[in-house]
Amino acid sequence: MQSNASKVVVLGTGGTIAGTSADASDNVGYTAAQLGVNLLVRAVPPLADVPLEAEQVAQVDSKDMSHEVWRALALRCAHHLARPDVAGIVITHGTDTLEETAWFLQRVLAPAKPLVLTAAMRPATALQSDGPQNLLDAVCVARAPGARGVVAVLGGQVHGARDVRKVHPYRIDAFSSGDAGPIGCIEEGELRLFRDWPQGDALGVATLPADEAPWPRVEIVMSHAGADGAIVRALCASGVQGLVVAATGNGTLHHALEAALLEAQASGVRVLRSTRCRNGRVLSAADEALPSSDDLTPVKARVELLLQLLTDA
Ligand code: SIN
């Protein structure tokens, strides 16, 4: 059946893409999350010809991203995705936690339409501002026939929610899909696809806690030289429900930390092992005592554990 959906909804959440500085040559001393999403859209002249709606969901520096904003965002996305006139959604976001939001939305919504996160490494006032082109490219992907799932569009590349990660704190070319590589690229407004869109089953927004209800407490600890179990024991004493460990290499752990994690698991705390290596995955052994997160990075393994605890609640 032919779809009549052509509209793109742009949801603003803040970030450097909405950031400003009094000095156009200052790329670090700016303030994130200052401009409204309507202004960001108006700063991209070619978007005047696109049927588009903009809505401000939040206005945060994404280092301060919260579960409450995630919930609000998931609900607004679910609402707009269900509209027959909407082809896709673009979310303007900070770069710092974009990959966490991307994986959260993919697991909760697994949309059959494109849900595209975009961001910028330079504020809107910078000489070298990358936000306008990224927003234009993101809208192009949100309208692309056959596009689906949660992706991130930055620097002319399309990254899948599972693979995308920020790998540089300053360079404009700051994102990578690790071993998997990007899903595609955008060249002069044309999408070139290399592989399939993200797929999967949606957990659904009903999985998320109601309004003010607390979310499970899931923390990340790291295995390193001189590690001991003190941090794990302190977290357990304070009521943590889930622990992700950023392990060394192929999921190996300092023996003292491992002992504390096994104690935690035995007491009912859910534990997931990921690797602190930038690329690759944890190759599991049949008899492993602590389950591994496969190729999910520690921050995405934390999202996974959070959602597992919510699903089991
Ligand atoms: C943020 O993540 O909100 C600030 C940094 C950025 O967007 O690059």
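Sequence order as written defines the numbering, with residues in each chain counted from 1. For this predicted model, a pLDDT threshold of at least 70 governs which residues receive local features, and a threshold of 80 or more governs which side-chain atom pairs are given and counted, while totals over whole chains, interfaces and linings are taken from all residues. Calculated side-chain values reflect all of the structure's heavy atoms, with hydrogen atoms and water omitted.

With that settled, consider the side chain of threonine 207. Helix numbering and strand numbering both begin at the N terminus, where a helix is a DSSP run of H or I of at least 4 residues and a strand a DSSP run of E of at least 2. With respect to the helices and strands, the residue threonine 207 is situated in the loop between strand 10 (190-193) and strand 11 (218-222). A polar contact of 2.8 Å, which involves the side chain of threonine 207, links it to the backbone oxygen of glycine 204. Those residues in contact with threonine 207 that lie beyond four places of it in its chain are Leu310 and Thr311. Under this definition, polar contacts are N or O atom pairs within 3.5 Å; protein pairs additionally need one hydrogen-donor-capable and one acceptor-capable atom, and for neighbouring residues in sequence, both atoms have to be side-chain atoms. What makes two residues a contact is simply this: any of their non-hydrogen atoms within 4.5 Å.

Moving on: the domain arrangement of the chain. Domain ranges listed in this record stem from an automatic or a database domain assignment. Under the domain assignment, the chain is made up of domain 1 (4-193) and domain 2 (216-312). For domain 1 and domain 2, the distance between their C-alpha centres works out to 30 Å. A 1.4 Å probe defines the accessible area here, and the buried area is the portion of it lost by two parts on being joined, summed over both. Together, the buried faces of domain 1 and domain 2 total about 1,400 Å²; carbon and sulfur atoms form 52% of this surface. Of all residues in domain 1, the largest losses of buried area upon contact with domain 2 belong to Trp103, Arg162 and Arg165, amounting jointly to 38% of the total for that side.

This part covers the pattern of salt bridges. Whenever Lys or Arg places a side-chain nitrogen within 4 Å of a carboxyl oxygen from Asp or Glu, that contact is recorded as a salt bridge. For the structure on display, the rule yields 17 salt bridges. A salt bridge links arginine 83 to aspartate 85, with the shortest nitrogen-to-oxygen separation between them at 2.9 Å. Residue arginine 83 is classed as buried on the basis of its relative accessible area of 16%. Measuring nitrogen to oxygen at the nearest pair gives 3.0 Å for the salt bridge that ties glutamate 219 to arginine 217. Here the residues in one salt-bridge network are Lys7, Glu53, Arg83 and Asp85, joined through shared partners. Note on classification: 1.4 Å probe, protein chains only; a residue is buried when its accessible area is under 20% of the maximum for its type, exposed when over 50%, partly exposed between these limits.

With respect to topology, 3 strands assemble into an open sheet ordered 11-12-13, the strand pairing being parallel. In this open sheet, the two strands that pair with only one neighbour each are strand 11 and strand 13 (270-275). Each neighbouring strand pair of the sheet contributes to a mean axis angle of 25°, computed without reference to strand direction. Here strand 12 (residues 242-247) pairs with strand 13 via 6 bridges, running parallel. By the bridge assignment for strand 13, leucine 243 is matched with valine 271. For helices, the axis comes from a line fit to the C-alpha atoms of the stretch in contact; other axes are also lines fit to C-alpha atoms, and the angle between any two N-to-C directions lies between 0 and 180 degrees. On the sheet, helix 6 (residues 255-266) packs against strand 11, strand 12 and strand 13 and is oriented at approximately 155° with respect to strand 12. Along the sheet, helix 7 (residues 298-312) contacts strand 11, strand 12 and strand 13; its crossing angle with strand 13, the most-contacted strand, is approximately 160°. For two strands to be treated as a pair, DSSP must find no fewer than two bridges joining them.

A few words now on the packing of aromatic side chains. Each aromatic ring pair is specified by the distance between its two centres and by the angle formed by the two planes. We call Phe, Tyr and Trp rings a pair once their centres come within 6.5 Å, taking the six-membered ring for Trp, and we label the pair stacked below 30 degrees between planes, edge-to-face above 60, and tilted otherwise. Taken as a whole, this structure holds 2 aromatic pairs when the rule is applied. Relative to phenylalanine 104, the ring of tryptophan 70 has its centre 4.6 Å away and its plane inclined at 15°; by these criteria the two rings are stacked. Separated by 34 residues along the polypeptide, tryptophan 70 in helix 2 (residues 67-81) and phenylalanine 104 in helix 3 (residues 98-109) bring together distant segments of the chain. For tryptophan 70, a relative accessible area of 3% gives the class buried. Considering the side-chain rings of phenylalanine 104 and tryptophan 215, the 6.1 Å spacing of their centres and the 45° angle between planes classify their relative orientation as tilted. One end of the pair, phenylalanine 104, is in helix 3; the other, tryptophan 215, is in the loop between strand 10 and strand 11, with 111 residues separating them in the sequence. With respect to class, phenylalanine 104 is no different from tryptophan 215; both count as buried.

In contact at an axis separation of 9 Å, helix 3 and helix 7 are set at 35° when each is read in the N-to-C sense. Considering only the axes of helix 3 and helix 7, their crossing is right-handed. Each of Glu99, Glu100, Trp103, Phe104, Arg107 and Val108 in helix 3 lies in contact with helix 7, whose residues at this interface are Val299, Lys300, Val303, Glu304 and Leu307. Residue classes in the contact of helix 3 with helix 7 are distributed as 6 nonpolar, no polar and 5 charged. The handedness criterion is simple: a crossing whose near helix is rotated anticlockwise from the far helix by less than a right angle is left-handed, and one whose near helix is rotated clockwise is right-handed. Gly is placed with the polar residues, together with every amino acid not listed as nonpolar (Ala, Val, Leu, Ile, Met, Phe, Trp, Tyr, Cys and Pro) or charged (Asp, Glu, Lys and Arg).

Attention now goes to the environment of proline 198. Counting through the fold element by element, proline 198 comes out in the loop between strand 10 and strand 11. Distance from proline 198 to alanine 112, taken between C-alpha atoms, is 9.5 Å for residues 86 residues apart in sequence. Dropping the residues within four chain positions of it, proline 198 is found in contact with Gln106, Arg148, Gly149, Val150, Val151, Gly160, Ala161 and Ile183.

Pairing between strand 9 (residues 184-187) and strand 10: 4 bridges, direction antiparallel. Considered in strand 10, the bridge of isoleucine 186 is made with leucine 191. Following strand 9, the chain reverses through 2 residues before pairing antiparallel with strand 10; glutamate 188 in that reversal takes a positive phi of roughly 50°.

The subject of this paragraph is the layout of surface pockets. Space inside the second largest pocket adds up to approximately 220 Å³. As for the second largest pocket, its lining consists of 16 residues, of which Thr16, Tyr30, Asp96, Lys166 and Pro169 are closest to the centre. Its residues assigned to classes, the lining of the second largest pocket shows 6 nonpolar, 6 polar and 4 charged. Each cavity reported here is a set of points on a 1 Å grid over the protein atoms alone in which a 1.4 Å probe fits but cannot get out, each pocket an open set with protein on both sides within 12 Å along at least five of seven lines, and each lining residue one with an atom within 4 Å of a point. Grid points are joined across faces, edges and corners, and a volume is the space filled by probe spheres set on the points.

You can see alanine 289 is positioned in the loop between strand 13 and helix 7. A relative accessible area of 47% places alanine 289 in the partly exposed class. Each C-alpha atom of the pair alanine 289 and glutamate 258 lies 9.8 Å from the other, and the pair is 31 residues apart in sequence. Contact partners of alanine 289, with chain neighbours within four places excluded, come to Leu262 and Gln265.

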